[in-house]
Amino acid sequence: MPTLIIVLLLFLLVLGFKAPVLWLLAAALVYLLVRGRDRGPIKTDPDSRGTGSDEGGKGVGPQTYREYSNRRKRKERWDRRYRRRHPSSTSSGR
């Protein structure tokens, strides 16, 4: 993604000699590029709260009881929804 932004930035700088508005777009891209590097990778899924390691779900757990409770409630809602939509794949022991 940063490579694409850099290429687009260079393209806008070359075209900016004829249209100064493109210089503003290039400045905005530089701002986004710098801000993205300061914050790290942007996560769009609010449920993905891992530590960034590649250990497959072995991240840090919830810090407060409220976070734990919210995560548990979300999982229970997902389980109920899954059982409702896929009744043949769940066991009848529940």
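For the structure itself, consult the block above.
Residues numbered from 1 in each chain as written. Predicted model: local features only at pLDDT ≥ 70, side-chain atom pairs only at ≥ 80, totals over all residues. Heavy atoms only, no water.

### Focus: a positive patch on the surface
Taken together, the side chains of Arg 72, Lys 73, Arg 77, Arg 80, Arg 81, Arg 83, Arg 84 and Arg 85 present a region of like positive charge at the surface. Tracing the backbone shows Lys 73 in helix H3 (residues 65–85). Residue class for Lys 73 comes out partly exposed when judged on its relative accessible area of 43%. (Patch = residues over 30% accessible without salt bridge, like charges linked within 9 Å, V, L, I, M, F, W, Y side chains within 5 Å. Areas by Shrake-Rupley, 256 points an atom, 1.4 Å probe, with all protein chains shown as cover. Salt bridge = Lys/Arg side-chain N within 4 Å of Asp/Glu carboxyl O. Lys, Arg positive; Asp, Glu negative; His and termini not counted. Charge placed at Lys NZ, Arg CZ, Asp CG, Glu CD. Helix = DSSP H or I, 4+ residues; strand = E, 2+ residues; numbered from the N terminus. Buried < 20%, exposed > 50% of the residue type's maximum accessible area, 1.4 Å probe, protein only.)

### Some words on the packing of aromatic side chains
For the structure shown, the criterion picks out two aromatic pairs. Taking 5.8 Å as the distance between ring centres and 45° as the angle between the ring planes, the aromatic pair formed by Tyr 65 and Tyr 68 counts as tilted. With Tyr 65 and Tyr 68 both in helix H3 and three residues apart, the pair spans about one turn of that helix. Aromatic side chains Trp 78 and Tyr 82 sit 5.2 Å apart centroid to centroid with 15° between the ring planes, which places their arrangement in the stacked category. With Trp 78 and Tyr 82 both in helix H3 and four residues apart, this pair spans about one turn of that helix. Classification of Tyr 82 as partly exposed rests on a relative accessible area of 32%. (Phe/Tyr/Trp six-rings, centres within 6.5 Å; stacked < 30°, edge-to-face > 60°.)

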